[in-house]
Amino acid sequence: MNADVTPIKTAAESALAASFAAVSLPGGEAVTRQRRAAFKAFEIAGLPHRRIEEWKYTDLRALMRDAKPLAPPPGAEAKSHAKAAGTMVSGLHAWRVVFVDGTHVPELSDAIAEAGVTVTPLAVALGRGDGLATESTAANDPAFALNTAFMSDGAVIRVARNAAVAKPIHLVFVHSGGAATAVFARSQVIVEEGAHLTLIESHEGPDALDYQINTALDLRVGDGARVDHIKIGCEGNSALHVASLVAAIGARATLSDFTFTLGGGTTRNQAFVTCNGKDATVTIAGVNLLRHKEHSDYALVLDHAIGGCTSREVFKSVLDDESRGVLQGKIVVRPDAQRTDARMLMRALLLSETAEADHKPELEIFADDVQCGHGSTAGALDGDLKFYLMARGIPEHEAEALLIQAFVGEAVETVADHGLRDALMFATARWLGARS
Amino acid sequence: MALLKIKNLSVVVDNRQILNGLDLTVNKGEVHAIMGPNGAGKSTLAHVLAGKAGYEVTGGQALLDGEDLLALDPDERAARGMFLAFQYPLEIPGVATMTFLRTALNAQRKKRGEPELTTPEFMKRVRDGAGKLGIDQDMLRRGVNVGFSGGEKKRNEILQMALLEPRLCVLDETDSGLDIDALKVVADGVNRLRSPERGFVMITHYQRLLDYIKPDVVHVLWRGRIVKTGGPELALELEAKGYAAYQTEAA
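Residues numbered from 1 in each chain as written. Chains lettered and ligands numbered in written order. Predicted model: local features only at pLDDT ≥ 70, side-chain atom pairs only at ≥ 80, totals over all residues.

Chemist: Describe the overall build of chain A, naming the residues involved and giving the relevant values.
Modeler: Counting its regular elements, chain A contains 9 helices and 19 strands. In terms of overall size, chain A behaves like a compact globule, its C-alpha atoms giving a radius of gyration of 21 Å where 436 residues would be expected to give roughly 22 Å. A buried classification covers 52% of the 436 residues belonging to chain A. Counting contacts in chain A only where the partners sit at least 6 residues apart, residues at least 24 apart contribute 84% of the total. (Helix = DSSP H or I, 4+ residues; strand = E, 2+ residues; numbered from the N terminus. Rg over C-alpha atoms; globule rule 2.2 N^0.38 Å. Buried ≥ 20, exposed ≤ 12 C-beta atoms within 10 Å, placed from the backbone. Contact = placed C-beta atoms within 7 Å.)

Written as structure tokens, this is what we have:
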């Protein structure tokens, strides 16, 4: 006797399946096959929940009571909301590439005039038959699989060999409000050998609307290339934002990655970074500035697949009210990855009795000639330091702000560009200024 | 009017009576030294005057120019002219010394209704003050006291004192941990600030500091109160005989 086993689906899972069956998405046959394979992988796993270790602090199955309908292409009204977008960190001098509800909007974007760099909307690239290879490190992640299945638009950026892009490229993602919709944006950035790119992404949307963002960035850093990547998350207070970074780092290459989350209802950032070539330098840093009931979960898997690479991870959370900051970092050192040097630091500053910090550093070391370490702390502001500042005439609120900025500064210092560092610190000061 | 008038001050820390009816009057232009053995209450007096948390005042008063100091937050006390040079100055990584100095100075000026200093004027004052104390520009660029030696930290305290121009300076064991050369630099810094408008309270174990900063009045603090007051000769007498004589007197 044969019996088909039909797993019980949640309402959201059923809605996603119905949506996938009905929707027409860009791309030829190869892309369609890729989407189907990804969706099948998702269906087998289902929405990740708290008994899945990687997702234990962010139970997507509980958080996604329903799957929102896919966002339609933005009309004039939706686009008008996006004119001032991307300024939560002010003073960024960058080429702007704007996406409203996940769709590229040429009239709001700059025409990039730099040699050696091309930017193509993903929908255009898929339409003309370009495939997208999926990195194996993230292949099993259900959120990334969903992104692959539903990806509609995004930026495909290619920086030619030895080209140095003078001005940063800023991908501005905006949810326009109106209806609570779902957006699946996917970008691919290929920086060829010896080239240099500074890439900024920002994500924002309105408060009091339970829209859903699933965004992904597939980043290839060629041999000897350098990429500075800054992701700024500033979604609305009811939004669900899931972002995946999949990065492959070549030999002697440098990746400096910084994730800045200032608010947003529920934010899950996950990074799958693989060192594929010798002597690469990787810095992964992040700052969470959270208040009210905001939730941010950063989950890093850094794979030292090859030896001789150096990595530094510095994460800071400043948690007020009933917010929750989760920092998870897994560093894997493969058996042949000798002379790996990896250090991870996670620190949380709790500004209220009801805030929560969860830290989970993990080291999986299979090589014997390595230097690896991690540290984790969580605590309140140091009363003695505060007294020292106040004894010099600095009012309590200002003394606290100085100490919090110093705390955040240690992570922001990993950003190489002076102007960007100042912009991030200025945004921090503004966030602190809104503290009650 | 006295610059500082402490009347019958009693303080409890962790259910222990540390100050026990202390009286002290400091007039403008005077330098007072308070000496006493370990545990007499010297640092408690300094912390209570500056407004550190964790000290319960169970009785008495401390008036600065007639105003009740104990009712004010630490920053308000500083703006009214109270300055404590810490025995152990703290390191604050990530807060640049220049930012710290400017924030402190401007916060005080703002509270007093004075305009903020222009950047060139501020820089000039810091450079002049730092130069006199042998503090180089590199130290000013670092985080507050980060990587400073013990002597450098104490010099940084005196630099802050010079910039903030307080009216009452309380120096808590400023000589501790200093070699003789550093002691001279710090003492010169204090002596330059002596003026008819300013008063000093120097808390110390040893007579040594008083060779370089000559006090007008010397007090012996014993079990939370002043048990003897005299001139500079009292310090020499203590150095020679120790505090043993007070064992019986106070009992």
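Chemist: Account for the pairing of strand E1 (residues 95–100) of chain A, with residues named and values stated.
Modeler: Residue and element names in this part refer to chain A. Burial within E1 is extensive, with 5 of its 6 residues counted as buried. Examined bridge by bridge, E1 and strand E5 (residues 169–174) share 6 bridges and lie parallel to one another. Of the residues in E5, the one forming a bridge with Val 100 is Val 174. Two strands pair when backbone bridges link them, and E1 and strand E2 (residues 103–104) are joined in this way by 2 bridges, in the antiparallel orientation. By the bridge assignment for E2, Val 100 is matched with Thr 103. What sits between the antiparallel neighbours E1 and E2 is a turn of 2 residues, in which Asp 101 has the positive phi angle 50 degrees. (Pairing = 2+ DSSP bridges.)

Chemist: Can you tell me about the interface of chain B and chain A, naming the residues and giving the values?
Modeler: Chain B puts 21 residues into the contact, and the matching count from chain A is 18 residues. For the side of chain B that touches chain A, the secondary-structure elements that each account for two or more residues are helix H2 (74–79), strand E7 (92–96), helix H3 (97–111) and helix H6 (150–164) of chain B. Of the residues contributing to the side of chain B that touches chain A, the split by class is 14 nonpolar, 4 polar and 3 charged. (Nonpolar A, V, L, I, M, F, W, Y, C, P; charged D, E, K, R; others polar.)

Chemist: Summarise the pairing of strand E1 (residues 4–13) of chain B; cite the residues concerned and give the values.
Modeler: Residues and elements named next belong to chain B. Relative to strand E2 (residues 16–26), E1 runs antiparallel, the two sharing 8 bridges. Among the inter-strand pairings, Val 11 is bridged to a residue of E2, identified as Leu 19. Where E1 folds back onto E2 in an antiparallel hairpin, the turn is made up of 2 residues, including Asp 14, whose phi is positive at roughly 50 degrees. Here 7 bridges tie E1 to strand E4 (residues 56–64), and the two strands are oriented antiparallel to one another. From the neighbouring strand, Ile 6 faces E4, where its bridge partner is Ala 62.

Chemist: So what's going on with the nonpolar core? Which residues, and what values?
Modeler: Ranked by size, the top nonpolar core spans 128 residues in total, and within it Val 98, Ile 169, Val 221, Ala 247, Ile 249 and Val 282 of chain A carry the most contacts. It is strand E10 (residues 240–249) of chain A that provides the largest number of residues to this core, a total of 8 residues. Apart from the residues within four sequence positions on either side, Ile 169 of chain A is in contact with Ala 94, Trp 95, Val 97, Ile 112, Val 119, Ile 157, Leu 197 and Leu 199 of chain A. Counting residues in hydrophobic clusters, the runner-up holds 80 residues, among them Leu 9, Ala 104, Val 144 and Leu 171 of chain B. (Core = buried A, V, L, I, M, F, W, Y, C linked by C-beta atoms within 7 Å.)

Chemist: Residues and numbers for the packing of helix H4 (residues 119–132) of chain B against H6 of chain B, please.
Modeler: Residues and elements named next belong to chain B. Two elements in contact, H4 and H6, have axes whose closest approach is 10 Å; the angle formed by their N-to-C orientations is 135 degrees. Here H6 runs oblique to H4, going by the angle between their axes. Here the hand of the crossing between H4 and H6 comes out right-handed. The segment H4 lies against H6, with Arg 125, Val 126, Gly 129 and Ala 130 engaging Leu 159, Ala 162 and Leu 163. In terms of residue class, the contact of H4 with H6 is made up of 5 nonpolar, 1 polar and 1 charged. (Axes fitted to C-alpha atoms, helices over the stretch in contact; angles between N-to-C directions. Parallel < 35°, antiparallel > 145°, perpendicular 65-115°, else oblique. Left-handed = near helix turned anticlockwise from the far one by under 90°.)

Chemist: Could you give me a rundown of the sheet that holds E10 of chain A, with the residues and numbers involved?
Modeler: All names here are of chain A. The sheet built from 9 strands is open, its strands ordered E3-E4-E6-E8-E10-E12-E14-E16-E18 with mixed pairing. Either end of the sheet is taken by a strand with one partner, and the two such strands are strand E3 (117–121) and strand E18 (356–365). Neighbouring strand axes in the sheet, compared pairwise and without regard to direction, differ in orientation by 10 degrees on average. Note that strand E12 (residues 266–275) and strand E14 (residues 295–304) share 10 bridges and pair parallel. Of the residues in E14, the one forming a bridge with Thr 267 is Ser 296.

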